[in-house]
Amino acid sequence: MKSIPHSKLIRSLLVITLGAAVFAFGFVAFYQPNNIPSGGLTGLAQVINRLVPVLPVGVTVIVLNIPLFVLALKFIGGKLLFFSLYAMFISSVFIDGLTALRSWSPTEPMLGCIFAGLLMGLSMGLVLSQGATTGGTDLAARLIKLKLAWLSMGKLMLAADLVVILLATAVFRNVNSMLYGLVALYIASIVTDSVLYGVDPAKVAYIISDKSREIADTIVRDLDRGVTILHGQGAYSGAEKQVLMCAFKQKEIATIKSVVKELDPDAFLIVCDAHDVLGEGFRAYKKDDI
């Protein structure tokens, strides 16, 4: 495993530990007492625990993960393996520890479902942001991500966990549990992507104007945003046009519109959603980025 600076290693372990604690609390406080299937190997362990109560969920998760980690060893780096083993172990310890701490009572089903999804998504986002997984379908999704980089982690985990939820439904024999599990899983996928890719998504503006130079200069000078000039041609008039392209944050959209329309009320402005913008003013690229 490539050497990691001690300060960065400690920070990563602390974030993973926090994520594991949130994961365990969400599972023990909301998933388990409300019989909401959680998906993943934790959900599978939940099913096994229902069938064989003497087997703790945390220990069962560790046992189920052993063959998966052995198979995945040749496909992932030492850093990912180390962090994932730690995340899996500490989350399992937290689950069994919190389970033994007290008797957790069921909550109002819909509230339990919502908070289960929120906490699960938050925990997954924290753990995945450090290049780790909690094992199971999270690790499977991480490996698939290496081949299908255009898919988000939230969507990959959503697909993998769906199978486990359907299995849990067959064991619990409760359609309501399945529906709550699907809602919680969907919420978790959204929160996971929000933590990983940001809750303030980027936008891209395309501006067609006869005053393109003035607009570009104002955006660069006053908003400190880069502008790219694209050369276009009107299909009807055949006139040469300059098309400005500018990436910016969601919170800047009102300012961009104001600048453009103040300089040229007749400007043609298109604002589109942008995902995963890398570069100055946004986030930096990291190897094996998720």
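In the block above lies the structure referred to throughout.
Predicted, not measured: the structure shown is a model, and the values here were computed from it.

### Here's the deal with the packing of aromatic side chains
- A full pass over the atoms with the stated rule returns five aromatic pairs.
- Geometrically, the ring pair formed by Phe30 and Phe115 is stacked, given 6.0 Å between the ring centres and 20° between the ring planes. Linking Phe30 in helix α1 (residues 6-31) with Phe115 in helix α5 (residues 109-129), this pair joins segments that are 85 residues apart in sequence.
- Over the ring of Trp104 we find Arg102; its NZ or CZ atom is 4.4 Å from the centre of that ring.

### Some remarks on the sheet that holds strand β2 (residues 228-233)
- Across the sheet, four strands lie side by side as β2-β3-β1-β4; this open sheet has antiparallel pairing. Bordering the open sheet on either side are β2 and β4 (268-274), each of which pairs with just one other strand. Pairwise comparison of adjacent strand axes, ignoring direction, gives a mean angle of 25° for this sheet.
- Helix-sheet contacts for helix α9 (residues 212-222) involve β1 (202-208), β2 and β3 (240-249), and the interaxial angle to β3 is about 20°.
- Relative to the sheet, helix α10 (residues 253-263) contacts β1, β3 and β4, its axis offset from that of β3 by approximately 155°.

Rules behind the numbers
For every chain, the first residue of the written sequence is number 1, and numbering continues from 1 along that sequence. Whole-chain, interface and lining totals are the exception, using all residues; otherwise, since this is a predicted model, local features are given only for residues with pLDDT of at least 70 and side-chain atom pairs are given and counted only at 80 or more. Each side-chain value is derived from all of the structure's non-hydrogen atoms; neither hydrogens nor water enter the calculation. The aromatic pairing rule takes the rings of Phe, Tyr and Trp, using the six-membered ring of Trp, and pairs them if the centres are within 6.5 Å, calling planes under 30 degrees apart stacked, those over 60 edge-to-face and the rest tilted. Each helix corresponds to a stretch of at least 4 residues labelled H or I by DSSP, and each strand to a stretch of at least 2 residues labelled E; elements are numbered beginning at the N terminus. By definition, being over a ring means that NZ of Lys or CZ of Arg is both within 6 Å of the ring centre and within 35 degrees of the ring normal. Any two strands with at least two DSSP bridges between them are considered paired. An axis is simply a line fitted to the C-alpha atoms; with a helix, the fit covers only the stretch in contact. Between two such axes, the angle follows the N-to-C directions and lies from 0 to 180 degrees. Contacts between residues were defined by any pair of non-hydrogen atoms, one from each residue, lying within 4.5 Å.

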